[in-house]
Amino acid sequence: MVLRPPVEPMLAQARDTVPAPGALPGELRFQPKFDGYRALVFTPWPAPGPLLLQSRRGSLMQSRFPELVDAAAHLPDGLVLDGELVVWAEDQISFEALQRRAASGGRTAARLAREMPAHFIAFDLLQSDGQELLHAPYGERRAQLEQLFTDRGLSAPWTLCPETTELATAQDWLTSWTQVPGVEGLVTRGSGQRYLPGARALYKVRRRDTTEAVIGAITGTARRPQTLVLGRLDEKGALRPVGRSTPLRPTAARDLAERLTPAGPRHPWEGVRFTTSWGSRTPLDVVLVEPALVAEVMVDTALERGSWRHPVRFARLRLEVAVTDVPPFGAGAEPASG
């Protein structure tokens, strides 16, 4: 059977810690988790034909990334690669630039391809020479993927995802590599795994750091807060939204309910429209509270335009920390002084 789009990619389920040996079939293989768009690359079979670039949800987007189409000549026919599409901007991986690229077309797409080029980081091989490999164990697919890069001498925009079997190396990647914008954590695979389209059969671990933010609003009610809407002060002293928490634990919600004060007049977020998540247009109903309490939160590395794209986790209140001591808007996960 020849694979043709759309093909559902194999997905990962989130974990808080790196899995132990035996968690997946075969030897554990660790790869960096990049902050981009999941994508599949299809070269024609039979040739001739165009390169196709499929998104995770099945739409074709090769017209948005003409530099990948131009580089298709370096790839053999009958190939399907699974990987992460990322964009370089200002010498770093930028999710915001990637979104801009994905929304462009025509002359704009061609211009942006020169200004902020895309790279495809390949981490799995689903088809080679027109033969699908879904039932082959991952270890075999990876060996063929590495051989492809060696035989073809592939270079940018094609990149082979780094991989290690050493737990100590993986732990170092989780600590050190995630300091680089665009690297979020680790993905773990088993060398004996076959490819299961649509199944959450892999594991992912995001690096999380502890930092502080100001509680400016909540969802739910003041008596029963459900999530926190957090902010930080910018250089002008204005409170800017930076993220929303995951649902509060019952004990934390009760403690917060005793300390939250309903907002008085001239709250800095009066009239501000909130959405359910980063990049969403779905309105979120919030209850404004006095921005006087500081929350210690656990955050990942996906920071864009000063805000965390993914929900943060509430850890505790920092009653000894003043609002003005919280790291400023635009900072990452630096803890408050003291």
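Fair warning: this is a prediction, and the values are worked out from it, not measured in the lab. (Residues numbered from 1 in each chain as written. Predicted model: local features only at pLDDT ≥ 70, side-chain atom pairs only at ≥ 80, totals over all residues. Heavy atoms only, no water.)

Along the protein, the regular secondary structure elements total six helices and 21 strands. Taken over the C-alpha trace, the protein has a radius of gyration of 22 Å; the compact-globule value for 338 residues is 20 Å, and the two agree within 12%. Each principal axis of the C-alpha distribution contributes one length, and for the protein these read about 70 × 50 × 30 Å. Counting across all 338 residues of the protein, residues that qualify as buried make up 49%. Considering only contacts in the protein between residues 6 or more positions apart, those separated by 24 or more positions represent 70%. Carbon and sulfur atoms make up 50% of the accessible area of the protein, which amounts to about 16,500 Å² in all. Across the protein, the 40 positively charged side chains and the 38 negatively charged ones have centroids separated by 6 Å. (Helix = DSSP H or I, 4+ residues; strand = E, 2+ residues; numbered from the N terminus. Rg over C-alpha atoms; globule rule 2.2 N^0.38 Å. Buried < 20%, exposed > 50% of the residue type's maximum accessible area, 1.4 Å probe, protein only. Contact = heavy atoms within 4.5 Å. Areas by Shrake-Rupley, 256 points an atom, 1.4 Å probe, with all protein chains shown as cover. Lys, Arg positive; Asp, Glu negative; His and termini not counted. Charge placed at Lys NZ, Arg CZ, Asp CG, Glu CD.)

Here we have four strands laid out as an open sheet, ordered E1-E11-E10-E2, and mixed in their pairing. Taken across any chain shown, the strands that pair with only one partner, and hence form the sheet edges, are strand E1 (11-15) and strand E2 (28-34). Geometrically, the sheet is characterised by an average inter-axis angle of 35° between neighbouring strands, direction not taken into account. Bridge analysis of E1 against strand E11 (residues 200-206) gives five bridges, and the strand direction is parallel. (Pairing = 2+ DSSP bridges. Axes fitted to C-alpha atoms, helices over the stretch in contact; angles between N-to-C directions.)

A few words on the pairing of strand E18 (residues 294-299). With respect to burial, E18 is a largely interior element, five of its six residues being buried. Where strand E12 (residues 209-220) lies against E18, six bridges are found, and the strand directions are antiparallel. Looking at the pairing, Thr210 lines up with Met298 of E18. Across four bridges, E18 lies against strand E21 (residues 313-317) in antiparallel orientation. Paired with Val297 across the strands is Phe314, a residue of E21.

Right, let's get into helix H3 (residues 106-115). In an α-helix, one turn spans 3.6 residues; hence positions three or four apart end up facing the same way. What H3 keeps buried is the set Ala109, Leu112 and Ala113. Viewed end-on, H3 has its buried residues packed into an arc of 110°, placing them on one side of the element. Seen from the buried face of H3, the exposed residues on the opposite side, beyond 90 degrees, are Arg107 and Arg114. Residues of H3 that are buried make contact with helix H1 (66-70) and helix H2 (95-102). (Arc of directions from axis to C-beta.)

In this structure, Val41, Leu53, Phe65, Leu81, Leu85 and Trp158 are the most contacted members of the largest nonpolar core, which totals 32 residues. Contributing elements (two or more residues each) for this core: strand E3 (37-42), strand E5 (80-89), H2, strand E7 (118-128) and helix H4 (138-152). Apart from the residues within four sequence positions on either side, Leu53 is in contact with Ala39, Leu40, Val41, Ser59, Leu60, Met61, Gln62, Phe65, Leu68 and Leu85. Ile215, Leu248, Ala252 and Val297 belong to the second largest nonpolar core, which has 21 residues in total. (Core = buried A, V, L, I, M, F, W, Y, C linked by side-chain atoms within 4.5 Å.)

One pass over the structure, following the stated rule, counts three aromatic pairs. Ring centres of Trp269 and Phe274 lie 5.4 Å apart, and the angle between their planes is 65°; this geometry places the pair in the edge-to-face category. Looking at Trp269, the relative accessible area reads 2%, which means it is buried. Of note, Arg15 hangs over the ring of Tyr203, and the distance from its end group to the ring centre comes to 4.8 Å. Its guanidinium or amino end placed over the ring of Phe95, Arg309 lies 3.7 Å from that ring's centre, counting from NZ or CZ. (Phe/Tyr/Trp six-rings, centres within 6.5 Å; stacked < 30°, edge-to-face > 60°. Lys NZ or Arg CZ within 6 Å of the ring centre and 35° of its normal.)

Moving on, we get to the pattern of salt bridges. Counting across every chain of the model gives 20 salt bridges. In this structure, Glu146 engages Arg142 in a salt bridge whose closest nitrogen and oxygen atoms are separated by 2.9 Å. Pair noted here: Glu146 and Arg142 are both in helix H4, with a separation of four residues, about one helical turn. Residue Glu146 is classed as partly exposed on the basis of its relative accessible area, which comes to 35%. Each of Glu27, Arg29, Arg142, Glu146 and Glu163 takes part in salt bridges that share partners, so that together they form one network. (Salt bridge = Lys/Arg side-chain N within 4 Å of Asp/Glu carboxyl O.)

You can see Thr211 is positioned in strand E12. At a separation of 2.7 Å, a polar atom in the side chain of Thr211 contacts the side chain of Arg232. (Polar contact = N/O pair within 3.5 Å; in protein donor to acceptor, adjacent residues only side chain to side chain.)

Those residues of H2 not exposed but buried are Phe95, Ala97, Leu98, Arg101 and Ala102. Buried residues of H2 fall within an arc of 155° about the axis and therefore sit on the same side.

Remember that the coordinates give geometry; whether it matters functionally is a separate question.
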